[in-house]
Amino acid sequence: MSQPDDEKFMQRALDLARQAWGRTAPNPMVGCVIVERGRIVSEGWHARDGEAHAERVALSRLGKKTARTATLYVTLEPCSTPGRTGACCDAIIAAKIKRVVISAMDPNPAHAGGAVEILEQAGVAVTVGVLEDRCRDLNLVFNHWISTGLPLVAAKTAVTLDGHIATRTGESQWITNEFSRADVHRWRRLFPAIAVGAMTVKEDDPKLTARMEGSEQWCPIRFVFDGLLRTVVDRHPPKVYADEFRDRTIVVTTPHGGLGYVRKLEAAGIKVWIIESDTQRVPFRSFKQRCAEEGISGVYVEGGASLIGNLLRERELDYLFNYRAPILFADQRARQGFVGLRTERLAGAVRLADVRHASFGDDQLMRGKVVYPERVQMDETIFTK
């Protein structure tokens, strides 16, 4: 096959993988196609955690012996260990596949390259790296989870050209357009959990569900960061404490919140995580570790500015989605989208890496991995290098 052919068939495998968007956590999304004589003869994708892997689905759907020239395209390196569904390498070898084209290697250091070695030892030709960047981006949550053992914590902001999230009076609906907001719901569907701060709950009373056209409303795990349990004081509970998805809500607090409020939440069917802290703020490293213990691989943070600022200050924000609208306030008293840091030099700025761009009508999205400036210890004072 030529490189254009390899890319064409791998793109089809990627399109198949996306059909399981938001349904495979903590597993990755994977697509597979089998090609004989330049034509796709079978397809498959990993539909959800615990079900057959994409390669086994495609092989089972083939319904016949593979041709001697058969090539299998898969978006992620096939598994080389048995797991719950059997090693895909064994199935590929048993099917007498002549060539395997892999988009991205397994991000797990313990398994990376294992399949390539096994397949090549069995006489299967292997090509690696076709549309690799696209595949790695597709599984950005899984890649972080499997390589660090901690959830990917990503924040979303919707700002004006000058970085504001609301006017001085608090008006914010809507800064970005309907296409940007639809994309936000698409990302909500991908992440296993969504998070907001107490003030966002009190001021906006959001549903925090994914509502996509043509799909049933879906509710991720909903985290409310409320170190003092201020959201429990009001007579009328917010939607996340009273709707049909309230069993998906978890309030993350500190010992300073008060046991009476904790009991009130638990009586209403709301889970409460009490994270040890010397202050009213929840320490995010401890929160991440609790998520890891519970198998939660990703958290999509939707504000507010102080919550995101605290994540940045503690260097625990991993990824950023920044939607920007062609609106200008030019008002120093308008609400800022980012607060909490003191950046005196450009070298001390937080930056994004692996940046990706998208346009939604007149709005623009910039997203990427958060990279923090290096810290150097000198004379018991922290300096930013």
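As a reminder, the structure under discussion sits directly above these lines.
Residues numbered from 1 in each chain as written. Predicted model: local features only at pLDDT ≥ 70, side-chain atom pairs only at ≥ 80, totals over all residues. Heavy atoms only, no water.

Asks: Mind laying out the nonpolar core, listing which residues take part and the relevant values?
Replies: Ranked by size, the top nonpolar core spans 69 residues in total, and within it Val100, Trp187, Phe191 and Phe321 carry the most contacts. Here the element with the most residues in this core is helix α1 (residues 3-17); it accounts for six residues. Among all residues touching Trp187, those that are not within four sequence positions of it are Trp21, Leu140, Tyr300, Phe321, Tyr323 and Arg367. Formed by 26 residues, the second largest nonpolar core is a distinct cluster that contains Ile275, Cys291, Leu311 and Val370. (Core = buried A, V, L, I, M, F, W, Y, C linked by side-chain atoms within 4.5 Å. Buried < 20%, exposed > 50% of the residue type's maximum accessible area, 1.4 Å probe, protein only. Helix = DSSP H or I, 4+ residues; strand = E, 2+ residues; numbered from the N terminus. Contact = heavy atoms within 4.5 Å.)

Asks: Go over the sheet that holds strand β12 (residues 298-301) with me, naming the residues and quoting the values.
Replies: The strand order across the open sheet formed by nine strands is β11-β10-β9-β8-β12-β6-β13-β16-β15, and the pairing between neighbours is mixed. Here the strands that pair on one side only, and so sit at the sheet edges, are β11 (271-274) and β15 (351-360). Pairwise comparison of adjacent strand axes, ignoring direction, gives a mean angle of 20 degrees for this sheet. In this sheet, strand β16 (residues 363-371) lies alongside β15 in antiparallel orientation, the contact comprising eight bridges. Within β16, the position partnered with Phe360 by the bridge is Asp363. (Pairing = 2+ DSSP bridges. Axes fitted to C-alpha atoms, helices over the stretch in contact; angles between N-to-C directions.)

Asks: Can you lay out the environment of Arg222 for me, pointing to particular residues and giving the numbers?
Replies: When you line up the elements, Arg222 lands in strand β9 (residues 221-225). Residue contacts for Arg222: discarding those within four places in its chain leaves Ile194, Lys207, Leu208, Thr209, Lys239, Val240, Asp243, Phe245, Arg246, Arg248, Thr249 and Ile250. Separated by 2.8 Å, the side chains of Arg222 and Asp243 make a polar contact. At a separation of 3.0 Å, a polar atom in the side chain of Arg222 contacts the main-chain carbonyl oxygen of Phe245. (Polar contact = N/O pair within 3.5 Å; in protein donor to acceptor, adjacent residues only side chain to side chain.)

Asks: Could you give me a rundown of the packing of aromatic side chains, with the residues and numbers involved?
Replies: Counted according to the given criterion, the structure contains 13 aromatic pairs. Between Phe223 and Trp273, the aromatic rings sit 5.1 Å apart at their centres with planes inclined by 55 degrees, giving tilted as the arrangement. Taken together, the residues span a long stretch of sequence, with Phe223 in strand β9 and Trp273 in strand β11 at a distance of 50 residues. When sorted by exposure, Phe223 lands in the same class as Trp273, which is buried. Ring-pair connections join several aromatic residues into one group, and the members of that group are Trp21, Trp187, Phe191, Tyr300, Tyr319 and Phe321. In this arrangement the basic side chain of Arg61 is found over the ring face of Trp45, its NZ or CZ atom lying 5.2 Å from the centre. Positioned over the ring face of Trp187 is Arg186, at 4.9 Å from the centre of the ring. (Phe/Tyr/Trp six-rings, centres within 6.5 Å; stacked < 30°, edge-to-face > 60°. Lys NZ or Arg CZ within 6 Å of the ring centre and 35° of its normal.)

Asks: Residues and numbers for the pattern of salt bridges, please.
Replies: Per the counting criterion, the structure on display carries 21 salt bridges. Here Asp183 and Arg186 are joined by a salt bridge, their closest N and O atoms 3.1 Å apart. One end of the pair is Asp183 and the other is Arg186, both in helix α7 (residues 178-190) and three residues apart, which spans about a single turn. For Asp183, a relative accessible area of 6% gives the class buried. Judged by its relative accessible area of 30%, Arg186 falls in the partly exposed class. Between Glu302 and Arg188 there is a salt bridge; the shortest N-O distance is 2.5 Å. You can see Glu302 sitting in the loop between β12 and α12 (305-313) and its partner Arg188 sitting in helix α7, a full 114 residues away along the chain. (Salt bridge = Lys/Arg side-chain N within 4 Å of Asp/Glu carboxyl O.)

Asks: Let's hear about helix α2 (residues 54-62): which residues, and what values?
Replies: Because each turn of an α-helix spans 3.6 residues, side chains separated by three or four positions in sequence point in the same direction. Inspection of α2 places Ala54, Glu55, Val57, Ala58, Leu59 and Leu62 among the buried residues, and these make up the whole buried set. As for α2, its buried residues are in contact with β1 (31-36), β2 (39-45), β3 (71-76) and α3 (88-94). Following α2 by one or two positions, Gly63 adopts a phi angle in the positive range, close to 75 degrees.

Asks: Explain unusual backbone geometry residue by residue, including any values.
Replies: Here the residue pair Ala25 and Pro26 is connected by a cis peptide bond, since its omega of 5 degrees sits within 30 degrees of zero. Here the residue pair Gln173 and Trp174 is connected by a cis peptide bond, since its omega of 0 degrees sits within 30 degrees of zero. Within the secondary structure, Trp174 sits in the loop between β7 (164-166) and α7. Despite not being glycine, Lys96 shows a phi value in the positive range, around 60 degrees. As for its position among the elements, Lys96 is in the loop between α3 and β4 (99-104). The phi torsion at Leu208 lies on the positive side, around 60 degrees, for a residue other than glycine.

Asks: Describe the pairing of β12, with residues and values.
Replies: Neither face of β12 is open: one carries Gly298 and Tyr300, the other Val299 and Val301, and all of them are buried. As judged from the four bridges shared by strand β6 (residues 152-159) and β12, these two strands associate in the parallel manner. The partner of Ala154 across the bridge, within β12, is Tyr300.

Asks: Tell me about the side chain of Asp137, and please be specific about residues and values.
Replies: If you trace the backbone, Asp137 turns up in helix α5 (residues 132-138). For Asp137, a relative accessible area of 17% gives the class buried. Not counting residues within four places of it along the chain, the set of residues in contact with Asp137 comprises Tyr319, Arg356 and Arg367.

Asks: Describe the sheet that holds β1, and please don't skip the residues or the numbers.
Replies: With mixed pairing, five strands are arranged side by side in an open sheet as β2-β1-β3-β4-β5. On the outer flanks of this sheet lie β2 and β5 (125-128), each paired with one strand and no other. Across the sheet, the mean angle from the axis of one strand to that of its neighbour is 20 degrees, orientation sign disregarded. Taken together, the five bridges between β3 and β4 define a ladder with parallel strand orientation. Opposite Leu76, over in β4, you have Ala104 as the bridge partner. Packing against the sheet, α2 makes contact with β1, β2 and β3, and its axis sits at approximately 130 degrees to β2.

Keep in mind these values describe shape, not function.
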